Amino acid sequence: MRNMKFILSVNFVCLLFLIIPSCNPEDQVTNSESYPALKIKTNQPPTIVAFESTADTVSICGTLDFTCHAQDPDSDLLYYEWASFKITNESSEDDYDVFYNLNRGEFIRGGEAAIWQPGKLDGKYLIICNVHDKAGYEVDTSKTVNVTLVGCLSAMTEYLTYTITDNLPNSNLLFNPYNRLWFNVRNYKYEQIILEGDAQIEPHVENKIDDKWELYYRATGFSMEEGPPEMIFGEVFKSIWMVPSKPGQYRLFILFNTGHYWEPLTDTLYSNEFEVIE
């Protein structure tokens, strides 16, 4: 029995020697090594630090310069987008009443420094600068500006919306009261304009298709017999034309050939945009 205990003790000691070498210090370090936490760098949105215009008021025949300066915490390349909308004169910063489709004006240059050409209606406009980075983060800011008729010749339609009237009796006649497109020309540019000869004022019609203007109808030999022989400063010259016969967005462009005291002059006037509906 004593021999048996001795043999068991020897075997136990040998087993310890077999186990202990496998738990060397290097293995302990390897097994207990802690890897550093994975660091993820997140992209941050840009911020607009300055938004300015050269003036708060612009004439309908002029342009207005805007500067929208933004910074990005990640030094990303920034992209600038501009938009403008005609708003009602009663609109406020808390409540904008927007004409989304008509008379928005256009930006003839974009980027950080933009140039805006007003829509052909006087009143208030909302200008928006939107900035976004490569990650898609974006920020925008806005301001309102006023558009006036000061210093300009302008052509205005009486209404912004007209209805196709082909289904009315005698609707093909120019002077049908249901099919008249009333417009006027205002002179805030010259002290006096002398109208001479025939076809002094020729209203042509353009149609907006895919955001581009295309000729819809060109008047030929259109004589304004009812027109005054002269237009003094500020006077409104009124006339009528036919409503286009299909739905869409339109504007008039008017060739204005006149004499002005000592020299002839020629102006091409673009009216406000108007909409024809069924």
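Here the structure is shown first, and the text comes after it.
Below is a summary of the structure that appears in this document. Throughout, residues of each chain are indexed from 1 in the direction in which the sequence is written. The predicted origin of the model limits local features to residues at a pLDDT of at least 70 and limits the giving and counting of side-chain atom pairs to 80 or more, whereas totals for whole chains, interfaces and linings rest on all residues. The side-chain figures draw on all heavy atoms in the structure; neither hydrogens nor water molecules are used.

### What to know about the sheet that holds strand E12 (residues 180-187)
For step 1, the next point in the chain: In space, the three strands of this open sheet follow the order E10-E12-E17, with antiparallel pairing throughout. Every other strand in the sheet has two partners, leaving strand E10 (153-157) and strand E17 (236-242) as the edge strands with one partner each. Pairwise comparison of adjacent strand axes, ignoring direction, gives a mean angle of 25° for this sheet.
For step 2, the next point in the chain: Strand pairing is defined by DSSP finding a minimum of two bridges between the two strands. Each helix is a run of H or I in the DSSP string that is no shorter than four residues. Each strand is a run of E no shorter than two, and both are numbered from the N terminus. Bridge analysis of E10 against E12 gives five bridges, and the strand direction is antiparallel. Paired with Leu153 across the two strands is Asn187, which belongs to E12. Whenever a helix is involved, its axis is fitted only over the stretch in contact; in every case the axis is a line through C-alpha atoms, and angles between N-to-C directions fall within 0 to 180 degrees.

### Some details on the sheet that holds strand E5 (residues 98-99)
For step 1, the next point in the chain: Spatially, five strands are ordered E2-E9-E8-E4-E5 in an open sheet, and the strand pairing comes out mixed. Edge positions in the sheet fall to strand E2 (57-59) and E5, since each has one partner strand and no second.
For step 2, the next point in the chain: Here E2 runs beside strand E9 (residues 138-148); their pairing, made up of three bridges, is parallel. Across the sheet, Thr57 pairs through a bridge with Asn146, a residue of E9.

### Regarding the nonpolar core
For step 1, the next point in the chain: We call a set of buried Ala, Val, Leu, Ile, Met, Phe, Trp, Tyr and Cys residues a nonpolar core when their side-chain atoms join them within 4.5 Å. The buried label goes to any residue with under 20% of its type's maximum accessible area, the exposed label to any with over 50%, and the partly exposed label to all in between, with areas taken from a 1.4 Å probe on protein chains only. Residues Val185, Ile254 and Phe256 are the most contacted members of the largest nonpolar core, which totals 23 residues.
For step 2, the next point in the chain: Only E10, E12, strand E14 (201-209), E17, strand E18 (248-260) and strand E20 (274-277) provide two or more residues apiece to this core.
For step 3, the next point in the chain: It is E18 that provides the largest number of residues to this core, a total of four residues.
For step 4, the next point in the chain: Every residue pair with non-hydrogen atoms within 4.5 Å of one another is taken to be in contact. When near neighbours in sequence (up to four residues on either side) are disregarded, Ile254 contacts Ala155, Phe183, Val185, Ile201, Glu202, Pro203, Asp267, Thr268 and Leu269.
For step 5, the next point in the chain: Counting 22 residues, the second-largest nonpolar core is a separate cluster that includes Ile60, Trp82, Cys129 and Val147.

### Examining a negative patch on the surface
For step 1, the next point in the chain: To count toward a patch, a residue needs a relative accessible area over 30% and no salt bridge; like charges are then connected within 9 Å, while nonpolar side chains (Val, Leu, Ile, Met, Phe, Trp, Tyr) are connected within 5 Å. Note on areas: Shrake-Rupley with a 1.4 Å probe; residue coverage comes only from the protein chains shown. Salt bridge, as used here, is a side-chain nitrogen of Lys or Arg placed within 4 Å of a carboxyl oxygen of Asp or Glu. Charge convention: Lys and Arg are scored as positive, Asp and Glu as negative, and His as well as the terminal groups of each chain are ignored. A charge is said to be at NZ when it belongs to Lys, at CZ for Arg, at CG for Asp and at CD for Glu. Judged by side-chain charge, Glu90, Glu93, Asp94, Asp95 and Asp97 come together as a negatively charged surface patch.
For step 2, the next point in the chain: With respect to the helices, strands and loops of the structure, Glu90 is situated in the loop between strand E4 (79-87) and E5.

### Side note on unusual backbone geometry
For step 1, the next point in the chain: With phi around 60°, Ser75 is a residue other than glycine that occupies positive phi space.
For step 2, the next point in the chain: For Ser75, the location among the structural elements is in the loop between strand E3 (64-71) and E4.
For step 3, the next point in the chain: Phi is positive for Asp210, which is not a glycine, with a value near 50°.
For step 4, the next point in the chain: Along the chain, Asp210 falls in the loop between E14 and strand E15 (212-217).

### A closer look at the packing of aromatic side chains
For step 1, the next point in the chain: Note on ring pairs: Phe, Tyr and Trp rings are taken, using the six-membered ring of Trp, and paired if centres are within 6.5 Å. Classes follow the plane angle, with under 30 degrees stacked, over 60 edge-to-face and the rest tilted. All told, the structure shown has twelve aromatic pairs when counted by the stated rule.
For step 2, the next point in the chain: Between the aromatic rings of Phe51 and Phe66, the centroid separation amounts to 6.2 Å while the plane-to-plane angle is 20°, which identifies the pairing as stacked. Pair noted here: Phe51 is in strand E1 (residues 47-53) and Phe66 is in strand E3, with a separation of 15 residues, a long-range link. The pair formed by Phe51 and Phe66 is uniform in burial state, with each residue classed as buried.
For step 3, the next point in the chain: Taking the centre distance of 6.0 Å and the plane angle of 50° together, the rings of Phe66 and Trp82 count as tilted. Here Phe66, found in strand E3, pairs with Trp82, found in strand E4; they are 16 residues apart in sequence, far enough to count as distant.
For step 4, the next point in the chain: When its relative accessible area of 1% is taken as the criterion, Phe66 is described as buried.
For step 5, the next point in the chain: The class of Trp82 is buried, set by a relative accessible area of 15%.

### Digging into the pattern of salt bridges
For step 1, the next point in the chain: Using the criterion set out here, one finds five salt bridges in the structure.
For step 2, the next point in the chain: Between Arg251 and Glu206 there is a salt bridge, and its shortest N-O distance comes to 2.8 Å. Of the two residues, Arg251 is situated in strand E18 and Glu206 in strand E14; the sequence distance between them amounts to 45 residues. Residue Arg251 shares its accessibility class with Glu206, and that shared class is buried.
For step 3, the next point in the chain: The residue Lys208 makes a salt bridge to Asp211 at a minimum N-O spacing of 3.7 Å.
For step 4, the next point in the chain: Take Lys208: its relative accessible area is 23%, and that puts it in the partly exposed class.

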